[in-house]
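A structural walkthrough
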Amino acid sequence: MNNNIKIMFVLPIFGISILASNSVEQPVSIPNVAGHLTTTKHPSTKPVENKNTHMHASKFTKEWINPKIKLSPPPPLMGKQMGHINTIGIPSLGYTMDGNVKVFHLIAQPVEKQMTDGAATPSWQHLISKKNLEGFKMHHHNVKKNIKGWGYNGSIPGPTIECTEGDRIRIVVKNELPEPTSVHWHGILLPNDQDGAAPITQKPIFPGETFTYEFTLYQSGTYMYHPGFNIMKQDQMGLAGMLVIHPKVPERHIDRDYAIMLQSFAMPAGNDYINIATMDFNRFTFNGHTAPLIPHMFAKQGERVRIRLANMSMDSHPIHIHGFVWQEVGTEGGPIPLSARRKGATINVPPGTTRDVEFIAWNPGLWRFHCHKIHHVVNAHVDVPMGLMAHGGMFTMFYVEPKDPKAPWQPPTPEES
Ligand SMILES: [Cu+2]
């Protein structure tokens, strides 16, 4: 019997505490649910005989990466756009058909990615009127930041899975992390054994193993996927992605459909690693980037825009747009009934929720789009001497291309506002 199998026996009771144990170099003698059961003397409680008392927690390295596990390249359909969601800065994920089942592939693996490059010119800088920059140079901190985290298919966050209400989907998950994992489908109505809450609803997926989820989608809206095992660590390491289900019958045509995953990381100065043992977050990301490296969003004047926000961080993020009021049209519970929709220019996105907003891009120009917690729009407070602070964190732009650049400004029509 190899160690993998031994561990599976014990994990349903002890999985998380074994992995969280500090004594990685020593054999861990398994404490004590079995012991407690023996001493309670409840008549219906049989003592649990546990032969696996010399489990090695050291089987799973605490390092970011296990060099013995070869990392696969992204699956073949990574980056193939088969829908119309634009998860800015993140490649989409295509699928194959097996009969009537849409088949997606996710590989959980260590990912090193450039979070920002302070020297980079933002994607939107050329859209600023030249006269605004006369005698003033936009300044960005010349600070690069890479992140060594965990993601799916080489990406933090993972690619957006896009499907349609009524679809049968199969997601084949391979684990190339140094420790077991599983995938939880956040907000999805599905059978208990597909919920990914290892070890409650399934065995954890051990390093090198593959697990297949399959279920039918009975709802529409914006959802998420993230680990269901050792969540306290794995969520903070960056493992997350969005799952968008289009309604069978769309309420109306959407010209631009954007998706943004909100995450936060605590990263010690001069270090690319994530500190998961603190609430002192200093890197706040849209789709794994901080400003100035977050791409801007775009629409032509008059187009209908939807922006889907999903929050995997431990803070709420009041996301704000300039120049528009939008309607809150959906949550992680699906579309909001017409009678309950609210207008606003800021939408608060609490942890574990999604929020969809919609508006018509009637107002041409380059509009700020950012979190309104001001500490979330700087990078690590590097400019604390309180000079002119550069943009960082959850900060980008929404650009509306005018129909006629010479036309005088007009307020919105009732339909547009
Ligand atoms: Cu925020």
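Along each chain, the written sequence defines residue order, and numbers are assigned to residues from 1. Local features in a predicted model are, by the rule used here, given only for residues with pLDDT of at least 70; side-chain atom pairs are given and counted only at 80 or more, and totals for whole chains, interfaces and linings are based on all residues.

Some words on the confidence of the model for the protein
- When the pLDDT values of the protein are averaged, the result is 86; 84% of them are 70 or greater.
- Confidence drops under a pLDDT of 50 for residues 47-55, and excluding neighbours within four residues, the segment shows 20 contacts in the predicted structure. The predictor rates its confidence in each residue with pLDDT, a number between 0 and 100. Note on contacts: residues are paired as contacts if their backbone-placed C-beta atoms lie within 7 Å.

A word on the nonpolar core
- Judged by nonpolar contacts, the single largest core of 77 residues is most densely connected at L106, A108, M224, L243, I260, L262 and L309.
- Summarising the domain contributions, this core has at least three residues from each of domain 2 (85-115 + 149-246) and domain 3 (256-401). Buried Ala, Val, Leu, Ile, Met, Phe, Trp, Tyr and Cys residues form a nonpolar core when they are connected through C-beta atoms within 7 Å. Remark: C-beta atoms are placed from the backbone, and a residue is labelled buried if 20 or more other C-beta atoms sit within 10 Å of its own, exposed if 12 or fewer do, or partly exposed between those counts. Domain limits in this description derive from either an automatic procedure or a database domain assignment.

A word on the sheet that holds strand β7 (residues 183-186)
- Paired strands, in this sense, are two strands between which DSSP finds at least two bridges. A run of H or I in DSSP becomes a helix once it reaches four residues, and a run of E becomes a strand once it reaches two; helices and strands are each numbered from the N terminus. Ordered in space as β5-β10-β9-β7, the 4 strands form an open sheet in which the pairing is mixed. The sheet is open, and its two edges are formed by β5 (161-164) and β7, each paired on a single side. Neighbour-to-neighbour, the strand axes of this sheet turn through a mean angle of 25°, independent of strand direction.
- The sheet contact formed by β5 and strand β10 (residues 241-246) spans 4 bridges and is parallel. Within the sheet, the bridge partner assigned to I161 lies in β10 and is L243. Orientation is described by axes fitted as lines to C-alpha atoms, over the contacting stretch for helices, and by angles from 0 to 180 degrees between their N-to-C directions.

Considerations on the pairing of strand β14 (residues 304-311)
- With respect to burial, β14 is a largely interior element, 7 of its 8 residues being buried.
- With 7 bridges connecting them, strand β11 (residues 256-265) and β14 associate as parallel partners. Residue pairing in the sheet places Y258 in a bridge with I307 of β14.
- Note: β14 against strand β20 (residues 354-360), 7 bridges, orientation antiparallel.

As for unusual backbone geometry
- Note the cis peptide between I156 and P157, where omega equals -10°.
- Here P157 shows up in the loop between β4 (144-152) and β5.
- In this structure, P292 follows A291 across a cis peptide bond, with omega equal to 10°.
- Tracing the sequence through the fold places P292 in the loop between β12 (283-286) and β13 (297-300).
- Positioned with a positive phi, N153 is a non-glycine residue whose angle comes to about 55°.
- In this structure, N153 sits in the loop between β4 and β5.
- In this structure, N287 takes a positive phi of about 50° despite not being glycine.
- Considering the arrangement of structural elements, one finds N287 in the loop between β12 and β13.

Some remarks on the environment of R170
- One can find R170 in strand β6 (residues 168-175).
- Overall, the presence of 16 C-beta atoms within 10 Å leaves R170 in the partly exposed class.
- In contact with R170, not counting residues within four places along its chain, are D98, V101, V103, T212, Y213 and E214.

Some remarks on the sheet that holds strand β21 (residues 365-371)
- Taking strand neighbours across the sheet as the criterion, the 5 strands line up as β13-β22-β21-β15-β19 in an open arrangement whose pairing is mixed. The open sheet terminates on both sides in strands that have one partner only, identified here as β13 and β19 (346-349). Neighbour-to-neighbour, the strand axes of the sheet open up by a mean angle of 20°, direction not taken into account.
- Relative to strand β22 (residues 395-401), β13 runs parallel, the two being bridged by 4 bridges. Pairing of F298 across the sheet is with Y399, part of β22.

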